[in-house]
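# Survey of secondary and tertiary structure
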Amino acid sequence: GAGVSQTPSNKVTEKGKYVELRCDPISGHTALYWYRQSLGQGPEFLIYFQGTGAADDSGLPNDRFFAVRPEGSVSTLKIQRTERGDSAVYLCASSPGAYNEQFFGPGTRLTVL
Amino acid sequence: AQRVTQPEKLLSVFKGAPVELKCNYSYSGSPELFWYVQYSRQRLQLLLRHISRESIKGFTADLNKGETSFHLKKPFAQEEDSAMYYCALSGPRPQGAQKLVFGQGTRLTINP
């Protein structure tokens, strides 16, 4: 079956702009995670959804970052007033439940000029 | 604080030689440990987790709580093992979800 998909695959934006990154999890997966991977680093946790609610948003770096999952399926990560330091690959993962294997998407490469 | 350390950014071995990718962690409690792998042009995927005690693609990893280590080993490396390897941990069940904390990764290259 189809895996986790993320759009766009690449996004180039200018400093100060607003961006939205989309994640389509595997159908039926209730848990959804966002991670950020900077160059040369491992993925870093941002936020976790169980169903529609954000169960853990402790990894969001500041209030410019926000994520939603209104219907418990697709999720959107929103970044306001982007900064050059936001440049990274943003990974989404989903799992059947909180303690199951996480399946990762291909990532969105965000470049802030 | 939760931390995963992979001391080697790069590791190169010859085909048929043994491989060991090091992973050390710090966590106040009993975490769950994982190894993830990313092959060229593929997405990140789970290789193995310590609670399963499985051997996947010939790889094994033993959790050593005394040394807080979870090194990944394979007795005879194959060229297809060339990839980026990440060690990760999460808090024990049932304390929340499997929020993963990753190490920086080790790029393994198997030379023919």
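These notes cover the structure that comes with them. (Residues numbered from 1 in each chain as written. Chains lettered and ligands numbered in written order. Predicted model: local features only at pLDDT ≥ 70, side-chain atom pairs only at ≥ 80, totals over all residues. Heavy atoms only, no water.)

## Some remarks on the overall build of chain B
Per the secondary structure count, chain B includes zero helices and 11 strands. The order of helices and strands in chain B, counted from the N terminus, is β-β-β-β-β-β-β-β-β-β-β. For chain B, whose C-alpha radius of gyration is 14 Å, the value lies close to the compact-globule estimate of 13 Å for 112 residues. Seen through its principal axes, chain B has C-alpha atoms that stretch 45 × 30 × 25 Å. When burial is assessed residue by residue, chain B has 46% of its 112 residues classed as buried. (Helix = DSSP H or I, 4+ residues; strand = E, 2+ residues; numbered from the N terminus. Rg over C-alpha atoms; globule rule 2.2 N^0.38 Å. Buried < 20%, exposed > 50% of the residue type's maximum accessible area, 1.4 Å probe, protein only.)

## Topic: the side chain of Thr108 of chain A
All names here are of chain A. The residue Thr108 is located in strand S11 (residues 108–112) in this model. Look at Thr108 and you get buried, because its relative accessible area is 0%. Those residues within four positions of Thr108 in sequence are excluded, and the remaining contacts are Gln6, Thr7, Pro8, Ser9, Lys11, Leu21, Ala88, Val89 and Tyr90. (Contact = heavy atoms within 4.5 Å.)

## Some points on the state of the cysteines
All names here are of chain A. Tallied over the full model, the rule gives two disulfides over all chains. Residue pairing for Cys23: its cysteine sulfur links by disulfide to Cys92, the two sulfurs lying 1.9 Å apart. The S-S bond linking Cys23 to Cys92 shows a torsion near -65°; that makes this disulfide left-handed. In this pair, Cys23 sits in strand S3 (residues 19–24) while Cys92 sits in strand S9 (residues 88–95), placing the two residues 69 residues apart along the sequence. The exposure classification of Cys23 matches that of Cys92, with both residues buried. (Disulfide = S-S within 2.5 Å.)

## Quick look at the sheet that holds strand S1 (residues 5–7) of chain A
All names here are of chain A. Judged by pairing direction, the sheet is antiparallel, and its four strands sit side by side in the order S1-S3-S8-S7 without closing on themselves. Both outer strands of the open sheet, S1 and strand S7 (65–68), are each paired with one neighbouring strand and no more. Each strand axis lies, on average, 15° off the axis of its neighbour in the sheet, ignoring direction. Bridge count between S3 and strand S8 (residues 75–79): five bridges; the pairing is antiparallel. The partner of Leu21 across the bridge, within S8, is Leu77. (Pairing = 2+ DSSP bridges. Axes fitted to C-alpha atoms, helices over the stretch in contact; angles between N-to-C directions.)

## Some remarks on the interface of chain B and chain A
Residue-level contacts link 18 residues of chain B with 21 residues of chain A. Together chain B and chain A conceal approximately 1600 Å² of surface at their shared face, both sides included; 52% is due to carbon and sulfur atoms. Considering only the side of chain B, the residues that lose the most area to chain A are Arg43, Gln98 and Lys99 of chain B, jointly responsible for 33% of the buried surface there. Scanning the region where chain B abuts chain A turns up one salt bridge. Ionic pairing is found between Asp56 of chain A and Lys99 of chain B, a salt bridge with its closest N-O pair at 3.6 Å. (Buried area = accessible area lost by both parts, 1.4 Å probe. Salt bridge = Lys/Arg side-chain N within 4 Å of Asp/Glu carboxyl O.)

## What to know about the packing of aromatic side chains
In total, this model carries 11 aromatic pairs over all chains according to the counting rule given. Linked through ring pairs, Tyr33, Tyr35, Phe45, Tyr48 and Phe104 of chain A together with Phe34, Tyr36, Tyr86 and Phe102 of chain B together constitute an aromatic cluster. (Phe/Tyr/Trp six-rings, centres within 6.5 Å; stacked < 30°, edge-to-face > 60°.)

## With respect to the pattern of salt bridges
Residues and elements named next belong to chain A. With the rule as written, the count across this model stands at eight salt bridges over all chains. Measuring nitrogen to oxygen at the nearest pair gives 3.5 Å for the salt bridge that ties Arg64 to Glu83. Here Arg64, found in the loop between strand S6 (53–56) and S7, pairs with Glu83, found in the loop between S8 and S9; they are 19 residues apart in sequence, far enough to count as distant. Take Glu83: its relative accessible area is 41%, and that puts it in the partly exposed class. Through salt bridges with shared partners, one network takes in Arg64, Glu83 and Asp86.

So far we have only geometry, and geometry alone does not tell us how the molecule works.
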